[in-house]
Structures are given as structure tokens and as C-alpha cells.
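Chain by chain, the residues run as shown.
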Amino acid sequence: MMLTQILVSGLGLALPLLIAAVGELVSERAGVLNLSLEAMMLTGAFTAVTGTVLTGSAWLGAACGLCGGLLVGLAQTLLSVRLRADQIVVGVAANALALAATTFGARLLLDGDRGVTGFERLPIPVLADVPVIGPVLFAQTALGYLCAGVVLVTGLLLGPRTGWGLRIDATGEDAGAADWTGLPVRRIRALCILLTSALAGLGGAQLALSEVHAFSDNMTAGIGYLAVVAVIAGRWRTPGTVVAAVAFGVAQALQYALPAAGVGLPPAVLTMIPYLVAIVAVSGLAGASRAPSCLTVPFVRA
């Protein structure tokens, strides 16, 4: 069925975006905007493929992808939290640097050997045979199941009514008051950025090792930005962010499904589909939203 194929492809494309968006949700609720999410994912994809090629193990490659994202996160933490640099400028610069570095690194380390075996799909018996839902949810790769589990655990542990969730929300809404009550604002923000970067690196590894099985220049192609938009469209809450991320993934899948169905749209229009959906999602049609009060505002102790 065409619908099943679109949903299977859409969820596959949504998983890397989803895990990065959940990480970004945590960071933004703490008051830090990571426009460098694109750099974290791209670096994660590159280091995942490089690690897999060098070690011969897809799992070690995925671990390398996570560490690659963390490297960008460490730089973001130093500049945004420690040095109080402008978060938007840091993000734009990190994305440009990561694009150049991974392009050069791929030519240096992966020239002629950019394809990897990666992870194959592991259908769960019986569940994978359920019409429509089965192939979509229960025929993912081992890394895909891990990513879905990480999203679920992160959403539960860092919910708005948990201890960690309350601390994070307090830091993002009024950092000064949170500091006055004894909360370590800088430490909380730093940990949130590092969590975001680790998840984004894992998302890049999922894209490279489970979906594409290769690395190509600028292979994320704006997924990091879509993850940031998913947080905004989801009104800074986990359920809304998940729905937005899946919607963007399905929109990406339509780029390939529509030509197969005989729809004769120009390639440029097909490429625009997920970004048009993103514009609609944040234009107010998804509902009114309010960002955390201290988002992008550096913390300075009075």
C-alpha cells in the first residue's frame, strides 16, 4: 500500500529529527537555543560512518556519532554558558564550521569508501505483521528502536511535573529567581546542552547508519533546523514536539512518494514540501505558543 510505504519512510526520516528535537526541547526549556543542532547532527553522521569504517562495528560507529555530537555540544556550552556569547551567532557559526569540516574530513578519510553496512531492519514477530501500524512501528533497525526508547525515557524523566523538569523550567523561565533559590543555573544549562548534543549526534548516526548507510556532504540538509522548528510548533512540550517531528518526517517522505505515485511536480517543489509544512506549523495555525522567558538570554549573577 502506498500509505504504508509513505508512513514507513516518513517514520524512518522522522526518527533522527525526533531524537534531536526532544534534546533541543530540553535545552530550550532551560533557556538555551541550539541553532548548532544541524552541526551536531552532521558531525554525528560523519563520525558514525568514520567510526564504522575504521572499527568494522556499527555499534561502535553509533557511539562515535554520539561522541561527535558531544564535541559540538562542549563548544556550545563553553561559548553560550561560560563566555555568554550570543546563542544565535554561535549556532550559525558552528553549522558553517561543521559543514566545512565534515566535507573536508570525508574527502580525507572516506574518499571512495563512504558506504557502510550499518544496521538492518529487525521486524518484531507478529507485531510487524499488523496492517499499516506493524511495518511502521515494529520493523525498525536496532538503533532505531534504541532511539525511540531514548525519546520515550527522556520525555518521561524530564516532563514538566518531574523534579528534573521543574528545575529545567525554572531555569528557563526566570534564571535569576532560580539562582536565588539555590539552583545551579549554569550547571543545569550546561548539562541540558550536553544532553541535546548527545541526542543530536545519535540522531545523525541513525540517519547515516540506519537510513542512508553512507555519508554524503551536507547529508542532514536542514534536519537540524526542522528539529528546532518542531520544538516551536510543539509549543515547548513533548507531545506536540513529537507530533510535529513525525509530520515533518512524513512531509520529507512525500518528496519521494509523490513522483512514484505519478504526481508530476517539479523537483524544486518536492524539496520545498517539508519546509512549507514547517512554515505553516509556526505561522500560528498550530496554536498560540509562548517561549520560555529566558530563552537566548545569558545568565549573569546579580
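Calculation criteria
Residues numbered from 1 in each chain as written. Predicted model: local features only at pLDDT ≥ 70, side-chain atom pairs only at ≥ 80, totals over all residues. Heavy atoms only, no water. Helix = DSSP H or I, 4+ residues; strand = E, 2+ residues; numbered from the N terminus. Rg over C-alpha atoms; globule rule 2.2 N^0.38 Å. 1 Å grid on protein atoms, 1.4 Å probe; cavity = no way out; pocket = protein on both sides within 12 Å on 5 of 7 lines; lining within 4 Å. Points joined across faces, edges and corners; volume = space filled by probe spheres on them. Buried < 20%, exposed > 50% of the residue type's maximum accessible area, 1.4 Å probe, protein only. Arc of directions from axis to C-beta. Salt bridge = Lys/Arg side-chain N within 4 Å of Asp/Glu carboxyl O. Phe/Tyr/Trp six-rings, centres within 6.5 Å; stacked < 30°, edge-to-face > 60°. Patch = residues over 30% accessible without salt bridge, like charges linked within 9 Å, V, L, I, M, F, W, Y side chains within 5 Å. Areas by Shrake-Rupley, 256 points an atom, 1.4 Å probe, with all protein chains shown as cover. Nonpolar A, V, L, I, M, F, W, Y, C, P; charged D, E, K, R; others polar. Core = buried A, V, L, I, M, F, W, Y, C linked by side-chain atoms within 4.5 Å. Contact = heavy atoms within 4.5 Å.

J.: Lay out the overall build of the chain with the relevant residues and their values.
T.: Helix and strand content of the chain: 12 helices and zero strands. Counting helices and strands in the order they occur from the N terminus, the chain gives α-α-α-α-α-α-α-α-α-α-α-α. A compact globule built from 302 residues would reach a C-alpha radius of gyration of about 19 Å, and the chain, at 19 Å, matches this within 12%. Each of the three principal axes of the chain carries a C-alpha extent, and together these read 60 × 45 × 40 Å.

J.: Would you mind going over unusual backbone geometry in detail, with residue names and values included?
T.: Unlike most non-glycine residues, Trp-236 shows phi in positive territory, near 60 degrees. Considering the arrangement of structural elements, one finds Trp-236 in the loop between α10 (223-233) and α11 (238-260). Despite not being glycine, Thr-296 has its phi angle at roughly 75 degrees, a positive value. In this structure, Thr-296 sits in the segment after α12 (267-285).

J.: So, empty space enclosed by the protein: which residues are in play, and what are the values?
T.: This model, assessed by the stated rule, comprises two cavities of 30 Å³ or more. What the largest cavity holds in volume is close to 60 Å³. What lines the largest cavity is Val-32, Ser-80, Val-81, Arg-84, Gln-87, Arg-186, Arg-189, Pro-298 and Phe-299. Elements with a minimum of two residues in the lining of the largest cavity: α3 (58-82) and α9 (185-212).

J.: Hey, could you go over helix α7 (residues 163-173) for me, with residue numbers and the actual values?
T.: For an α-helix, 3.6 residues make a turn, and residues three or four places apart therefore share a direction. Buried within α7 we find Gly-165, Ile-168, Asp-169, Thr-171 and Gly-172. One side of α7 holds all its buried residues, which, seen down the axis, span an arc of 160 degrees.

J.: An account of the pattern of salt bridges is requested, with residue identities and associated values reported.
T.: Pairing of side chains with opposite charge becomes possible as their charged atoms draw close. Taken as a whole and judged by the stated rule, the model has four salt bridges. In this structure, the salt-bridge partner of Asp-169 is Arg-29, at a minimum N-O distance of 2.8 Å. With Asp-169 in helix α7 and Arg-29 in helix α1 (residues 2-29), this pair connects stretches of sequence that are 140 residues apart. In this structure, Asp-169 and Arg-29 share a single accessibility class: buried. The partner of Arg-107 in a salt bridge is Asp-217, and the shortest N-O contact between them spans 2.8 Å. Placement of the pair is Arg-107 in helix α4 (residues 87-109) and Asp-217 in the loop between α9 and α10, with a sequence separation of 110 residues. Residue class for Arg-107 comes out partly exposed when judged on its relative accessible area of 47%. Look at Asp-217 and you get partly exposed, because its relative accessible area is 29%. Three or more residues joined by partner-sharing salt bridges are found here, namely Arg-29, Asp-169 and Arg-237.

J.: Summarise the packing of aromatic side chains; cite the residues concerned and give the values.
T.: Throughout the structure, instances matching the rule amount to two aromatic pairs. Here the aromatic rings of Phe-46 and Phe-215 are separated by 5.5 Å at their centres, their planes lie at 65 degrees, and the arrangement is edge-to-face. In this pair, Phe-46 sits in helix α2 (residues 37-55) while Phe-215 sits in the loop between α9 and α10, placing the two residues 169 residues apart along the sequence. Overall, Phe-46 belongs to the buried group, its relative accessible area being 10%.

J.: Mind laying out a nonpolar patch on the surface, listing which residues take part and the relevant values?
T.: A contiguous nonpolar surface patch, about 270 Å² in accessible area, is contributed by Leu-78, Leu-79 and Leu-83. Here Leu-78 is to be found in helix α3.

J.: Explain the layout of surface pockets to me, using residue names and the numbers behind them.
T.: The computed volume of the largest pocket comes to approximately 390 Å³. Lining of the largest pocket is provided by 18 residues; of these, Leu-11, Leu-18, Ala-148, Val-151 and Val-242 occupy positions nearest its centre. Breaking the lining of the largest pocket down by element, the ones donating at least two residues are α1, α5 (133-137), α6 (142-157) and α11. Counting residues per element, the lining of the largest pocket draws most heavily on α6, which supplies seven residues. Among the residues making up the lining of the largest pocket, the classes are represented as 14 nonpolar, four polar and no charged.

J.: Explain the nonpolar core residue by residue, including any values.
T.: In this structure, Leu-17 and Phe-215 are the most contacted members of the largest nonpolar core, which totals 54 residues. Tallying contributions element by element places α2 first for this core, with nine residues. If we skip the residues at most four places from it in the chain, Phe-215 touches Leu-42, Ala-45, Phe-46, Val-49, Thr-102, Ala-106, Leu-110 and Arg-114. Within the second largest apolar cluster, 12 residues are counted, among which are Ile-168, Ala-175, Ile-188 and Phe-299.

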